[in-house]
Amino acid sequence: MKFATKVIHAGIEPDASSGAIMTPIFQTSTYVQEAPGKHKGFEYARTQNPTRNVLQANLAALENGNFGICFSSGLAATDGIIKLFSQGDEVISTNDLYGGTYRAFTKVYARFGMRFHFTDMTNADNIVPFINANTKLIWIETPTNPMLNIVDIEAICRIAKQHNILVCVDNTFASPFLQNPLDLGADIVVHSATKYIGGHSDVVHGCVIVNDKPLADQLYFLQNSTGAVPGPQDCFLILRGIKTLHLRMQRSCENAERIAHFLRTHPKIDKIYWPGFEDHPNHAIAKKQMRMFGAMVSFTMKGDDYDEAVKILSSTKLFSLAESLGGVESLIGHPASMTHASIPKEERLKTGLLDSLIRLSVGVEDADDLIDDLKAALDRS
Ligand SMILES: Cc1ncc(COP(=O)(O)O)c(C=O)c1O
């Protein structure tokens, strides 16, 4: 199946008992057994749920993987992955990554004796000095949040394979429509499905996709054993959102391209970060590993004035000032005070995350209206 067919059909059959074309929401905590141990494959809803099973199969297909494992949020999915490892194990991570992931690595798992190294992965060789006998995982985010750097997944996987290290890619910013890390050699893909996969800003959800059966079994074990499972209603909402993933992504990416080019002409703007520009440092890699260039655009203002940025953030009408991204509606955000406030200022400045950096999540509205909205806000600032 091609992607546009998979979003609607992969792993999804009409309900056997009724013919319902939409996967039912199996809102139950337990399942009746005929005799002890004699049941239809479902015993308790933390362990298995039919709505979740369909979603897991569909997500696996979208990432060209064999197994999908769903969690109650993107960070719960990350938590499931990190719990594959033990005290003393080390992780090498992108230095420019989602603040919540950074917080979990440094403030939660580090307390349990794991070590995390952060480095600029836009040059794959930068990971080499951090590799030692304890290195168990390389954590890639690409495009990165919010600087939209691009990491060469294949190049990192090549190095990791030589040292027998697993590679996990947080594919949230690209979505499976734009990029499939397992095809590029990664072992694990993680998504905050809260974002593009769900796509309608109405549910928090996470998922992990892998090819390897023993790895999948460990993740299903952790999903059940530590219990951060999504409810069936949330699984249904994600399944429904996925049906238009390809249409939403295409329109959002086209809109982002128009907006990035508009911003480039604006005299108040200093730097624009969007991997589709030919002079973006890793444009060629983006072109190689992504189908389009994504729908996130970040920019800084000339003079890097915090107050001016705040004025813009408070005066757009169509771009809503809010955390999150990837919904049908366009959002505007201020990473320094919102999504990345948990990263120390000196750390974020190192990656170019200035006080005036503004991040746009471009939705599926009319591109002309979105440009007019930004133009008016920039003129007022
Ligand atoms: C790239 C990325 N990964 C992971 C997460 C965490 O996902 P969630 O908010 O669903 O827990 C986010 C949330 O913003 C994100 O942007």
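What counts and what doesn't
- Residues numbered from 1 in each chain as written.
- Predicted model: local features only at pLDDT ≥ 70, side-chain atom pairs only at ≥ 80, totals over all residues.
- Heavy atoms only, no water.
- Helix = DSSP H or I, 4+ residues; strand = E, 2+ residues; numbered from the N terminus.
- Rg over C-alpha atoms; globule rule 2.2 N^0.38 Å.
- Contact = heavy atoms within 4.5 Å.
- Areas by Shrake-Rupley, 256 points an atom, 1.4 Å probe, with all protein chains shown as cover.
- Lys, Arg positive; Asp, Glu negative; His and termini not counted.
- Charge placed at Lys NZ, Arg CZ, Asp CG, Glu CD.
- pLDDT = per-residue confidence, 0-100.
- Pairing = 2+ DSSP bridges.
- Axes fitted to C-alpha atoms, helices over the stretch in contact; angles between N-to-C directions.
- 1 Å grid on protein atoms, 1.4 Å probe; cavity = no way out; pocket = protein on both sides within 12 Å on 5 of 7 lines; lining within 4 Å.
- Points joined across faces, edges and corners; volume = space filled by probe spheres on them.
- Nonpolar A, V, L, I, M, F, W, Y, C, P; charged D, E, K, R; others polar.
- Salt bridge = Lys/Arg side-chain N within 4 Å of Asp/Glu carboxyl O.
- Buried < 20%, exposed > 50% of the residue type's maximum accessible area, 1.4 Å probe, protein only.
- Near = heavy atom within 4 Å.
- Polar contact = N/O pair within 3.5 Å; in protein donor to acceptor, adjacent residues only side chain to side chain.
- Sits in = over half its atoms within 2 Å of the grid points.
- Phe/Tyr/Trp six-rings, centres within 6.5 Å; stacked < 30°, edge-to-face > 60°.
- Core = buried A, V, L, I, M, F, W, Y, C linked by side-chain atoms within 4.5 Å.

Considering the overall build of the protein
Right, so step 1: Scanning the protein from N- to C-terminus turns up 13 helices and twelve strands.
Right, so step 2: For 381 residues, the compact-globule estimate of 2.2 N^0.38 gives 21 Å, and the protein sits close to it at 21 Å.
Right, so step 3: Long-range contacts, defined here as pairs at least 24 residues apart, represent 73% of the contacts in the protein between residues at least 6 apart.
Right, so step 4: Carbon and sulfur atoms provide 53% of the accessible area of the protein, an area that totals close to 15,800 Å².
Right, so step 5: For the protein, the distance from the average position of its 36 positive side-chain charges to the average position of its 42 negative side-chain charges is 2 Å.

Comments concerning the confidence of the model for the protein
Right, so step 1: Chain-level statistics for the protein give a pLDDT mean of 96 and a share of 100% at 70 or above.
Right, so step 2: Ranking the helices and strands of the protein by mean pLDDT puts strand S7 (residues 206–210) first, with 99, and helix H12 (residues 345–350) last, with 84.

Comments concerning the sheet that holds S7
Right, so step 1: Taken in spatial order, the seven strands make up an open sheet running S1-S7-S6-S5-S4-S2-S3, and their pairing is mixed. In the strand order of this sheet, the two ends are held by strand S1 (67–71) and strand S3 (115–119), each with one partner. Across this sheet, the average inter-strand angle for adjacent strands is 20 degrees, counted without regard to direction.
Right, so step 2: Alignment of S1 against S7, held across five bridges, turns out to be antiparallel.

A few points about the layout of surface pockets
Right, so step 1: Here the largest pocket is characterised by a volume of approximately 360 Å³.
Right, so step 2: Gly74, Leu75, Tyr98, Ser192 and Lys195 are, among the 22 residues lining the largest pocket, the residues nearest its centre.
Right, so step 3: Going through the elements one at a time, helix H3 (74–82) and strand S6 (188–192) are the ones with two or more residues in the lining of the largest pocket.
Right, so step 4: Grouping the amino acids of the lining of the largest pocket by side-chain chemistry returns six nonpolar, eleven polar and five charged.
Right, so step 5: Its boundaries defined by the atoms lining it, the second largest pocket holds a volume of some 220 Å³.
Right, so step 6: For the second largest pocket, the lining is made up of 16 residues, of which Lys271, Ile272, Tyr273, His280 and Pro281 are closest to its centre.
Right, so step 7: For the lining of the second largest pocket, the secondary-structure elements that each account for two or more residues are helix H9 (245–264) and strand S8 (269–273).

Things to note about the pattern of salt bridges
Right, so step 1: Applying the stated criterion across every chain, the model contains 14 salt bridges.
Right, so step 2: For lysine 136, the salt bridge goes to aspartate 89, with nearest N and O atoms at 2.9 Å. Residue lysine 136 is located in strand S4 (residues 135–141), and its partner aspartate 89 is located in the loop between H3 and strand S2 (90–94); the two are separated by 47 residues in the primary sequence.
Right, so step 3: Residue class for lysine 136 comes out partly exposed when judged on its relative accessible area of 32%.
Right, so step 4: In this structure, the salt-bridge partner of lysine 375 is aspartate 379, at a minimum N-O distance of 3.7 Å. One end of the pair is lysine 375 and the other is aspartate 379, both in helix H13 (residues 367–380) and four residues apart, which spans about a single turn.
Right, so step 5: By relative accessible area, aspartate 379 is classed as partly exposed at 48%.
Right, so step 6: Through salt bridges that share partners, Asp152, Glu154 and Lys288 make up one connected network.

Some thoughts on the site of the ligand
Right, so step 1: Looking at the ligand, there are 13 residues lining it, with Gly74, Asp170, Ser192, Thr194 and Lys195 nearest.
Right, so step 2: Separating a nitrogen atom of the ligand from a side-chain N or O atom of aspartate 170 is a distance of 2.6 Å.
Right, so step 3: Measuring from an oxygen atom of the ligand, one finds a side-chain N or O atom of threonine 194 at 2.6 Å.
Right, so step 4: Here the ligand has 380 Å² of accessible area as a free molecule, and 90% of this is covered by the chains.
Right, so step 5: Of the pockets mapped on this structure, the ligand occupies the largest pocket.
Right, so step 6: Split by residue class, the shell around the ligand holds three nonpolar, seven polar and three charged.

Things to note about the side chain of arginine 248
Right, so step 1: Note that arginine 248 resides in helix H9.
Right, so step 2: Buried within the structure, arginine 248 lacks any salt-bridge partner; its nearest side chain of opposite charge belongs to glutamate 329, at an N-O separation of 8.7 Å.
Right, so step 3: At a separation of 3.3 Å, a polar atom in the side chain of arginine 248 contacts the main-chain carbonyl oxygen of isoleucine 197.

Observations regarding the pairing of S1
Right, so step 1: Burial within S1 is extensive, with five of its five residues counted as buried.
Right, so step 2: Covered by surrounding structure in S1 are Phe67, Ile69 and Phe71 together with Gly68 and Cys70, the residues of both alternating faces.

A few points about the packing of aromatic side chains
Right, so step 1: Inspection of every chain in the model, using the stated rule, returns nine aromatic pairs.
Right, so step 2: Here phenylalanine 105 and phenylalanine 116 contribute two aromatic rings whose centre-to-centre distance is 4.6 Å and whose plane-to-plane angle is 15 degrees, an arrangement assigned as stacked. Within this pair, whereas phenylalanine 105 is found in helix H4 (residues 99–108), its partner phenylalanine 116 is found in strand S3, the two being separated by eleven residues in sequence.
Right, so step 3: When its relative accessible area of 0% is taken as the criterion, phenylalanine 105 is described as buried.
Right, so step 4: A relative accessible area of 13% means that phenylalanine 116 is categorised as buried.
Right, so step 5: Ring plane angle 90 degrees and centroid distance 5.3 Å describe the contact between phenylalanine 105 and tryptophan 139, whose orientation is recorded as edge-to-face.

What about the nonpolar core?
Right, so step 1: One finds Ile259, Leu263, Val297 and Leu360 to be the most contacted residues of the largest nonpolar core, which totals 70 residues.
Right, so step 2: It is H9 that contributes the most residues to this core, eight residues altogether.
Right, so step 3: Apart from residues no more than four positions distant in its own chain, leucine 360 is found in contact with Ile259, Leu263, Ala295, Met296, Val297, Phe299, Phe319, Leu331, Ile332 and Leu374.

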